[in-house]
Amino acid sequence: MIDGLEIRPLRDDDPPVIAAAFEELGWPKPESQYRRYLGEQDAGTRDVLVATVDGAYAGYVTVRWESPYEPFSGIPEIQDFNVLPKLRRRGIGSALMDAAEALVAERSAVVGIGVGLYPDYGQAQRMYVRRGYLPDGRGLIYDGRQVAPMEMIRNDDSATLMFTKTLR
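Model, not experiment: these values are computed from the prediction.

(A) Representation of the overall build of the protein chain within the structure. Check the secondary structure of the protein chain and you find four helices and nine strands. For the protein chain, the succession of helices and strands along the chain, N to C, is β-α-α-β-β-β-α-β-α-β-β-β-β. For 168 residues, the compact-globule formula gives about 15 Å, and the C-alpha radius of gyration of the protein chain, at 16 Å, lands near that figure. Taking the principal axes of its C-alpha atoms as reference, the protein chain extends roughly 50 × 35 × 30 Å. Sequence-distant contacts, at least 24 apart, represent 61% of the contacts inside the protein chain between residues at least 6 apart. Surface summary for the protein chain: the accessible area is close to 9,300 Å², and the carbon and sulfur share equals 50%. Taken as two groups, the 20 positive and 25 negative side-chain charges of the protein chain have centres that lie 5 Å from each other.

(B) Summary view of the side chain of aspartate 136. Secondary-structure assignment places aspartate 136 in the loop between strand E6 (134-135) and strand E7 (141-142). The class for aspartate 136 is buried, based on a relative accessible area of 17%. With near-sequence residues (within four places) excluded, aspartate 136 lies in contact with Tyr69, Phe72, Met162 and Phe163.

(C) Broad picture of the packing of aromatic side chains. Enumeration according to the criterion identifies nine aromatic pairs in this entry. When the centroid spacing of 5.8 Å and the interplanar angle of 85° are considered together, the rings of tyrosine 34 and tyrosine 37 count as edge-to-face. With a gap of three residues between them, tyrosine 34 and tyrosine 37 both fall in helix H2 (residues 31-43), about one helical turn apart. Exposure remark for tyrosine 34: the relative accessible area of 0% places this residue in the buried category. Both rings, one in tyrosine 128 and one in tyrosine 133, keep their centres 5.9 Å apart while their planes meet at 55°; by these two values the pair is tilted.

(D) Inspection of the pairing of strand E4 (residues 77-83) at higher detail. The element E4 is largely enclosed, with a buried count of six among its seven residues. Where strand E3 (residues 56-64) and E4 come together, five bridges link them in antiparallel fashion. The residue of E4 that forms the bridge with tyrosine 60 is asparagine 82. Alignment of E4 against strand E5 (residues 110-116), held across two bridges, turns out to be parallel. In the strand pairing of E5, glutamate 77 is matched with glycine 112. Chirality of the crossover, the property in question, places the unit of E4, helix H3 (residues 92-105) and E5 among those that are right-handed.

(E) Local environment of the layout of surface pockets. Of the voids in this model, the largest pocket is the one considered here, and its volume is about 1,600 Å³. Taken together, 44 residues line the largest pocket, and the ones lying closest to its centre are Asp80, Phe81, Asn82, Tyr121 and Tyr128. If you list the elements that add at least two residues to the lining of the largest pocket, you get H2, E4, H3, E5, helix H4 (122-130) and strand E9 (159-166). Tallied by class, the residues present in the lining of the largest pocket amount to 18 nonpolar, twelve polar and 14 charged. Lining the second largest pocket are Val17, Ala20, Ala21, Glu24, Leu25, Ala56, Tyr57, Leu84, Pro85 and Lys86. When residues of the lining of the second largest pocket are traced back to their parent elements, those giving at least two are helix H1 (14-25) and E3. Ranked by the residues each element gives to the lining of the second largest pocket, the list is headed by H1, at five residues.

What counts, and at which threshold
- Within each chain, residue numbers correspond to sequence positions counted from 1 in written order.
- The predicted nature of this model means local features are confined to residues of pLDDT at least 70 and side-chain atom pairs, given and counted, to a pLDDT of 80 or more, with totals for whole chains, interfaces and linings taken over all residues.
- To get the side-chain values, take all heavy atoms of the structure and skip hydrogens and water.
- Here a helix means four or more residues in a row that DSSP labels H or I, a strand means two or more in a row labelled E, and each is numbered from the N terminus.
- The size measure is the radius of gyration over C-alpha atoms, and the globule rule it meets is 2.2 Å times the number of residues to the 0.38 power.
- A contact between two residues is defined here by any heavy atoms of the two lying within 4.5 Å.
- Per-residue accessibility takes into account occlusion by the displayed protein chains alone, with areas from the Shrake-Rupley method and a 1.4 Å probe.
- Charge assignment in this entry is limited to Lys and Arg as positive and Asp and Glu as negative, and neither His nor the chain termini are counted.
- Positions of charges follow a simple convention, taking NZ of Lys, CZ of Arg, CG of Asp or CD of Glu.
- The buried label applies to any residue whose accessible area, calculated with a 1.4 Å probe on protein chains only, is under 20% of its type's maximum; exposed applies above 50%, and partly exposed to all values in between.
- Each aromatic pair joins two rings of Phe, Tyr and Trp (for Trp, the six-membered one) with centres within 6.5 Å, and gets the label stacked for planes under 30 degrees apart, edge-to-face for over 60, and tilted for any other angle.
- Strand pairing requires that DSSP identify at least two bridges connecting the strands.
- The definition of a right-handed crossover adopted here requires that, viewed with the strands pointing away, the path from the first strand over the helix to the second runs clockwise.
- Buriedness for pockets is judged along seven lines, at least five of which must meet protein on both sides within 12 Å for an open set on the 1 Å grid over protein atoms alone, while cavities are sets there where a 1.4 Å probe fits but cannot get out, and lining residues have an atom within 4 Å of a point.
- Grid points are joined across faces, edges and corners, and a volume is the space filled by probe spheres set on the points.
- All residues other than Ala, Val, Leu, Ile, Met, Phe, Trp, Tyr, Cys, Pro, Asp, Glu, Lys and Arg, Gly among them, are scored as polar; the first ten of these are nonpolar and the last four charged.

Here it is, written out as structure tokens:
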């Protein structure tokens, strides 16, 4: 764990800070997304954990309590896991995942997660396997549905493999 690391719930003043951090990277994550997350957090359908280092934004992860992925019915899903690239490989991501898994373990024995397939997701793919996540066995998923053999798809953020992990 790194000095000055704090993990806490998403707050009202976070959306513009997080959106600005991703805008600086050229990633399309608008402030409205984090405002929506605040509403979902208030409604109890999603929890958002934010990591800061010495008070500065470093990353976040969300837990969606009812996954839209039908095979995960009744299984909470970790979604939208991000650590700023300049702060990766310092334990922030592991701390966020530990906190998310602990939160899920209070309500469920199993957690699900999806991961993209192109190289930008390589570190996450390796991390999830090292943490004990196993593929759900349904193969390639695109926009939440199983891709049929020989079907052509676009390799974008919607192309994923889905994993589960037993927490207790």
